[in-house]
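Structural features, examined
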Amino acid sequence: MKEIEEIEIIKEKCDLARDENTSVDLLRELSKEEDKNIRSLVAANKNSPEDVLNAFLSDINHVQEFLAMNANCPELTLRSLAKSNNGMIRNLVAANLKCPVDVLEEFAKSKDALMGVATNSSTPTIILEELFHQHSGSFRIFLAENPSTPIELLEKLSKSFDEDIRAHVAKNPSINEDILIVLSKDKNYMIRISISTHPKITKKLLEYLVGDEHIEVVKSANIALNRRKTPEEKKMEIEKKLKNGVGENSLDQFSLL
């Protein structure tokens, strides 16, 4: 019974440590907890004060990993973490949007923490281009998902032999209509489904996907098309079908979405 109570107390403290509305004073108290999970959540909390975050530099690697992911991690703290002997911590620093550019440049130059560098949307274009030319294979997945990867590189990645790379390109918010058209004809139907849900896809391309050979692609494209219709357009469509003698139970399921 006592163990259950202790577990519940830890859960409550974890919730407080995670909550960005928790007071600074309480976060300071929680940062000294014996349980590493509580300290880790404080380290990741964007509301944690700078002095508390800096104190975690002497904590165990598990806690420092969460610290490196903190969106409000101070620059000097990130610089200190960048010198860690732990590769995961260095990669998390490199992936942090607040990572200083000179640190990213040093990582790229020394070929260290490249996964984090490649996925960071704050990484300078020139570094992303260098990584593309220096690395092939599955590493390019990281570039394919980065919204800051130059469109010229995304176009090349959209034609990769590796379907995992193409799948990540399909989810990239920065791709243009040309890439959407290329991927709408991808041999992998899951990629075509992904394209049908992309925020930049045009109505014309969705109408093309409605004629796809795979039923799941057709369903996804129809749903996307109907979500773009106004309530009045949906109402008129249903009334038209009823007028043409289509029973209520036979109405296209997508008309109601």
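Here goes a summary of the coordinates provided. Note that this is a predicted model, so its numbers are computed, not measured.

**Topic: the overall build of the protein chain**
Secondary structure assignment for the protein chain yields 18 helices and zero strands. For 257 residues, the compact-globule estimate of 2.2 N^0.38 gives 18 Å, and the C-alpha radius of gyration of the protein chain, at 24 Å, exceeds that figure by more than 25%. Counting only C-alpha atoms, the protein chain reaches 70 × 55 × 30 Å along its principal axes. Looking at the protein chain as a whole, 41% of its 257 residues are labelled buried. Taking the intrachain contacts of the protein chain between residues at least 6 apart in sequence as the baseline, contacts between residues at least 24 apart amount to 38%. If you sum the accessible surface of the protein chain, you get close to 14700 Å²; carbon and sulfur atoms cover 52% of it. Each charge sign in the protein chain was given a centre, from 35 positive and 43 negative side chains, and these centres are 6 Å apart.

**Notes on the layout of surface pockets**
Roughly 180 Å³ of internal volume is contained in the largest pocket. Lining the largest pocket are Lys203, Glu207, Leu225, Arg228, Lys229, Glu233 and Glu237. Mapped by element, the contributors of at least two residues to the lining of the largest pocket are α16 (203–209) and α18 (231–243). Broken down by class, the residue content of the lining of the largest pocket amounts to one nonpolar, no polar and six charged.

**Focus: the pattern of salt bridges**
Scanning the model with the defined rule gives 12 salt bridges in all. Taking the shortest distance from any N to any O, the salt bridge between Glu20 and Lys46 comes out at 3.9 Å. A residue pair is termed long-range when its members are at least 10 positions apart, and Glu20 in the loop between α1 (2–18) and α2 (24–30) and Lys46 in the loop between α3 (36–44) and α4 (50–55) qualify at 26 residues. Judged by relative accessible area, Glu20 falls into the partly exposed class, the value being 42%.

**Observations regarding the nonpolar core**
Ranked by size, the top nonpolar core spans 60 residues in total, and within it Phe56, Val93, Phe107, Leu131, Leu157, Val169 and Ile195 carry the most contacts. Leaving out residues up to four positions away in the same chain, Leu157 has contacts with Phe132, Arg140, Leu143, Ala144, Ile165, Arg166 and Val169.

**Focus on the side chain of Asn45**
You can see Asn45 is positioned in the loop between α3 and α4. With relative accessibility at 2%, the residue Asn45 sits in the buried group. A distance of 2.9 Å separates the side chain of Asn45 from the backbone oxygen of Ala17, its partner in a polar contact.

**Observations concerning the side chain of Asp186**
Along the polypeptide, Asp186 turns up in the loop between α14 (177–183) and α15 (189–196). Relative accessible area serves as the criterion here: at 7%, Asp186 is assigned to the buried category. There is a polar contact of 2.8 Å between the side chain of Asp186 and the backbone nitrogen of Asn188. The residues touching Asp186, leaving out its near neighbours within four places in the chain, are Arg166, Ile191 and Arg192.

Rules used throughout
Residues numbered from 1 in each chain as written. Predicted model: local features only at pLDDT ≥ 70, side-chain atom pairs only at ≥ 80, totals over all residues. Heavy atoms only, no water. Helix = DSSP H or I, 4+ residues; strand = E, 2+ residues; numbered from the N terminus. Rg over C-alpha atoms; globule rule 2.2 N^0.38 Å. Buried < 20%, exposed > 50% of the residue type's maximum accessible area, 1.4 Å probe, protein only. Contact = heavy atoms within 4.5 Å. Areas by Shrake-Rupley, 256 points an atom, 1.4 Å probe, with all protein chains shown as cover. Lys, Arg positive; Asp, Glu negative; His and termini not counted. Charge placed at Lys NZ, Arg CZ, Asp CG, Glu CD. 1 Å grid on protein atoms, 1.4 Å probe; cavity = no way out; pocket = protein on both sides within 12 Å on 5 of 7 lines; lining within 4 Å. Points joined across faces, edges and corners; volume = space filled by probe spheres on them. Nonpolar A, V, L, I, M, F, W, Y, C, P; charged D, E, K, R; others polar. Salt bridge = Lys/Arg side-chain N within 4 Å of Asp/Glu carboxyl O. Core = buried A, V, L, I, M, F, W, Y, C linked by side-chain atoms within 4.5 Å. Polar contact = N/O pair within 3.5 Å; in protein donor to acceptor, adjacent residues only side chain to side chain.

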